[in-house]
Amino acid sequence: MDRLFEDFDELLGMAAQGNRAAMTHIYQALSGKLQGYLAAQGYSDPEGGVNDVFVKVIPGLASFKGGEAKFRSWVFTIAHHMIIDERRRRSRRPIETSLGETTEAVGGDVEAESMAALGDGWVVDVLATLPDSQRTVVLLRIIGDLTVEQVAKTIGKSPGAVKALQRRAFTALQKKVSFEGVPL
């Protein structure tokens, strides 16, 4: 597991006391990973979603107990719950067009278009072929850098179920990459 902070306990303590530099350091260390996770999960506004995650994190800093790995798990759990909430909202309230048809969103998806232009579109497209549960496990393990146990707690499944989902996802991804080849 990659360490994002030199002295996490000291940094967290400073952030909990309202030190803006400490909060900024935590935000900058996690925002890219969070944005990637939200984007790969199809969240409508990944950049705004990162801000929303931290709006929920900041009030809980003073009462948080645990090390860096537990903190990262907590932050990604908040992001995961936001994704679930957005999916529920979308399923209940699809957007209607003027012709009475429904659609997920109106207009282009700037984030998706930007990622595609940079070559990451293929990765997002391949991940999109996975069922939600498998994609979530892969993204939390790789982007979130969470352990199997942390992923299990985040998504409410047993560690054995997480391992099985991960194994099925990697098998499916391997078949897809073998069949299509990897773009240059």
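Residues numbered from 1 in each chain as written. Predicted model: local features only at pLDDT ≥ 70, side-chain atom pairs only at ≥ 80, totals over all residues. Heavy atoms only, no water.

Engineer: For the packing of aromatic side chains, give the residues involved together with the corresponding values.
Structural biologist: In this structure the tally under the stated criterion is six aromatic pairs. Judged by centre distance (5.3 Å) and plane angle (50°), the ring pair of F8 and F71 falls under tilted. Placement of the pair is F8 in helix 1 (residues 8–16) and F71 in helix 4 (residues 68–92), with a sequence separation of 63 residues. The residues F8 and F71 share a single accessibility class, namely buried. Among the aromatic residues, those joined into a ring-pair cluster are F8, F64, F71 and W74. (Phe/Tyr/Trp six-rings, centres within 6.5 Å; stacked < 30°, edge-to-face > 60°. Helix = DSSP H or I, 4+ residues; strand = E, 2+ residues; numbered from the N terminus. Buried < 20%, exposed > 50% of the residue type's maximum accessible area, 1.4 Å probe, protein only.)

Engineer: An account of a positive patch on the surface is needed here, citing residue identities and associated values.
Structural biologist: Taken together, K56, R89, R92 and R93 make up a surface patch of like positive charges. Here R89 is to be found in helix 4. For R89, a relative accessible area of 40% puts it in the partly exposed group. (Patch = residues over 30% accessible without salt bridge, like charges linked within 9 Å, V, L, I, M, F, W, Y side chains within 5 Å. Areas by Shrake-Rupley, 256 points an atom, 1.4 Å probe, with all protein chains shown as cover. Salt bridge = Lys/Arg side-chain N within 4 Å of Asp/Glu carboxyl O. Lys, Arg positive; Asp, Glu negative; His and termini not counted. Charge placed at Lys NZ, Arg CZ, Asp CG, Glu CD.)

Engineer: Mind laying out the confidence of the model for the chain, listing which residues take part and the relevant values?
Structural biologist: The pLDDT averaged across the chain works out to 83; a share of 79% of its residues lies at or above 70. Here strand 2 (residues 102–103) stands out as the least confident element of the chain, with mean pLDDT 46; helix 3 (residues 46–57) is the most confident, with 95. Between residues 97–108, whose pLDDT stays under 50, and residues either more than four places distant or in other chains, the model counts 13 contacts. Overall, residues 114–119 carries pLDDT values under 50, and its contacts beyond four positions in sequence, including any with other chains, amount to five contacts. (pLDDT = per-residue confidence, 0-100. Contact = heavy atoms within 4.5 Å.)

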